[in-house]
Amino acid sequence: MTAPSRPQREATSRRRFLAAAGTAAAVPTAALIGVGPLAGTARAAIPGGLPDYAPIPPGALGPALNADGYFVGNINGDLYWVTDSVYQAMFLTTRDGVVLVDAPPTIGQNLLRAIGAVTRANGRPANITHLVYSHSHADHIGASSLLGDDMVRIGHSECRRLLLRDGDPNRPAPTVTFDDHYVLEVGGERLLLDYRGPNHTPDNLFIYAPDHQTLMVVDVIFPGWVPFKNLAVSQDIPDWISAQDVAMGYQWQTLVGGHLGRLGQRADGDLQIAYVADLLASARATMASLDPAPFFAKYGNNSWAIFKAYLDAAAAEVAGPVIAKYLGRLAAADVFTADNAYVMFEALRVDYGMLGPFGDHP
Ligand SMILES: [Zn+2]
């Protein structure tokens, strides 16, 4: 079954566009994702031009992509990963068929090409018997409808509730669900699916392959890079911060983070935890030092203008020393740290209760 909502013409032009963009091997196409209709068309220049950013540290980039626009690699034994340098999926080849975790649309049909290439080489069956949803988000599982109907779909019970609500034909709700823990054993292979509470989403899973010393957890740790905008657009910031430590509590040597072009090592987790802790410390310092008086004086009865200008100024002040410390150590520190700082400052107010100028009236 093909996805009904994607016109073939657009898919073809997008594929050509991404292939052209991919000619610079291993250069992430993140900036290009989601602009399919731009392919082959000229658009008026953005006033002032597009901003420049610092070069990406080479260590943040992954392996070169093949001509089809993907890389598939072995992690250990029968465990593999596939990437388009922006998104990642993971799969096990078992005696009875393939267990796939996630189906990101940007990898799309290349999931089937990658699985075909690996199973032709190792002689294992290529049919996908089980599909695990890391969480409900379409950018990680929206290609699941490309894979056919003949598989067991597994996810958290909250994932099922969210997908029944969304009614997206590209994301059929999982039929096998659980609340806390689920052991998936297929053809001599084993995955442990753990729910450890809400973080990035209310349904996000820790997917652990103990026999391969590998953990997959998506949108929590971004190896080599700062977290995506707004601390990975996470719905619960304190629990998202804790989820980093939960991840480190597993015995793994390899992390599949769901994003970007390479796998993670334990040092990547430690470095991100330090970055996030520095953001929180900088937010506390800014809350104590930033004088709110000029914002009240200028905007008077426009309460939202007071908030906007104060919070924007706070985010810039929070981000400054963090960008300076991590530029060159974490890719795109100059791209998303201000957005991450904004969300951290807001979490400091509403989650941690440090309200600054908007606290108890004297
Ligand atoms: Zn997500």
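Since the model is a prediction, treat every value here as computed from it, not as a measurement.

### A look at the packing of aromatic side chains
At step 1: In this structure the tally under the stated criterion is 13 aromatic pairs.
At step 2: An angle of 10° between the planes, with centres 5.8 Å apart, marks the rings of phenylalanine 206 and tyrosine 250 as stacked. Taken together, the residues phenylalanine 206 in strand β10 (residues 205-209) and tyrosine 250 in the loop between α6 (237-248) and β12 (254-256) connect sequence positions 44 residues apart.
At step 3: Residue classification places phenylalanine 206 among the buried positions, given a relative accessible area of 0%.
At step 4: Owing to a relative accessible area of 7%, tyrosine 250 belongs among the buried residues under this scheme.
At step 5: Relative to tyrosine 326, the ring of tyrosine 275 has its centre 5.3 Å away and its plane inclined at 85°; by these criteria the two rings are edge-to-face. Taken together, the residues span a long stretch of sequence, with tyrosine 275 in helix α7 (residues 266-289) and tyrosine 326 in helix α9 (residues 303-326) at a distance of 51 residues.
At step 6: On the accessibility criterion, tyrosine 326 (1% relative accessible area) is buried.
At step 7: Through successive ring pairs, a cluster of aromatic residues spans Phe295, Phe296, Trp304, Phe307, Tyr310, Phe345 and Phe358.

### Some remarks on the confidence of the model for the protein chain
Any residue range with low pLDDT should be treated as having predicted coordinates unsuitable for detailed reading.
At step 1: Here the protein chain averages 90 in pLDDT, while 87% of its residues score no lower than 70.
At step 2: In this model, residues 1-10 is a region of pLDDT below 50 whose contacts with residues beyond four sequence positions or in other chains number 14 contacts.
At step 3: Taken together, the stretch residues 20-41 has pLDDT below 50 and engages in 28 contacts with residues farther than four places along the chain or on a different chain.

### Description of the sheet that holds strand β6 (residues 152-156)
Pairing between the strands of a sheet is mediated by backbone hydrogen bonds and can be parallel or antiparallel.
At step 1: The seven strands lie next to each other as β1-β2-β3-β4-β5-β6-β7, forming an open sheet whose pairing is mixed. A strand with exactly one partner marks an edge of an open sheet, and here the two such strands are β1 (71-76) and β7 (176-178). If you compare each strand with its neighbour and ignore which way they point, the axes differ by 20° on average.
At step 2: Across four bridges, the pairing between strand β4 (residues 97-101) and strand β5 (residues 128-132) is parallel. Paired with valine 98 across the two strands is isoleucine 128, which belongs to β5.
At step 3: Running over the sheet, helix α2 (residues 110-122) touches β1, β2 (79-83), β3 (88-94), β4 and β5 and is turned about 30° from β3.
At step 4: The sheet contacts of helix α4 (residues 157-166) involve β6 and β7, and relative to β6 the element is tilted by about 105°.

### Some points on the sheet that holds strand β11 (residues 214-216)
At step 1: On the basis of which strands lie adjacent, the open sheet formed by five strands has the order β8-β9-β10-β11-β12 and mixed pairing. The open sheet has two free edges, formed respectively by β8 (181-186) and β12, since each of these has just one partner strand. When the angles between neighbouring strand axes are averaged without regard to direction, this sheet yields 20°.
At step 2: As paired elements, β10 and β11 share three bridges and run antiparallel to each other.

### Let's talk about the environment of valine 217
At step 1: Tracing the backbone through its elements, the reader meets valine 217 in the loop between β11 and α5 (229-233).
At step 2: Taking C-alpha positions, valine 217 is 9.4 Å from histidine 135, a pair spaced 82 residues apart along the chain.
At step 3: Ignoring anything within four residues of it in the chain, the contact list for valine 217 reads Asn204, Leu205, Phe206, Ala247, Leu255, Val256 and Gly257.

Each value, and the rule that gives it
Residues numbered from 1 in each chain as written. Predicted model: local features only at pLDDT ≥ 70, side-chain atom pairs only at ≥ 80, totals over all residues. Heavy atoms only, no water. Phe/Tyr/Trp six-rings, centres within 6.5 Å; stacked < 30°, edge-to-face > 60°. Helix = DSSP H or I, 4+ residues; strand = E, 2+ residues; numbered from the N terminus. Buried < 20%, exposed > 50% of the residue type's maximum accessible area, 1.4 Å probe, protein only. pLDDT = per-residue confidence, 0-100. Contact = heavy atoms within 4.5 Å. Pairing = 2+ DSSP bridges. Axes fitted to C-alpha atoms, helices over the stretch in contact; angles between N-to-C directions.

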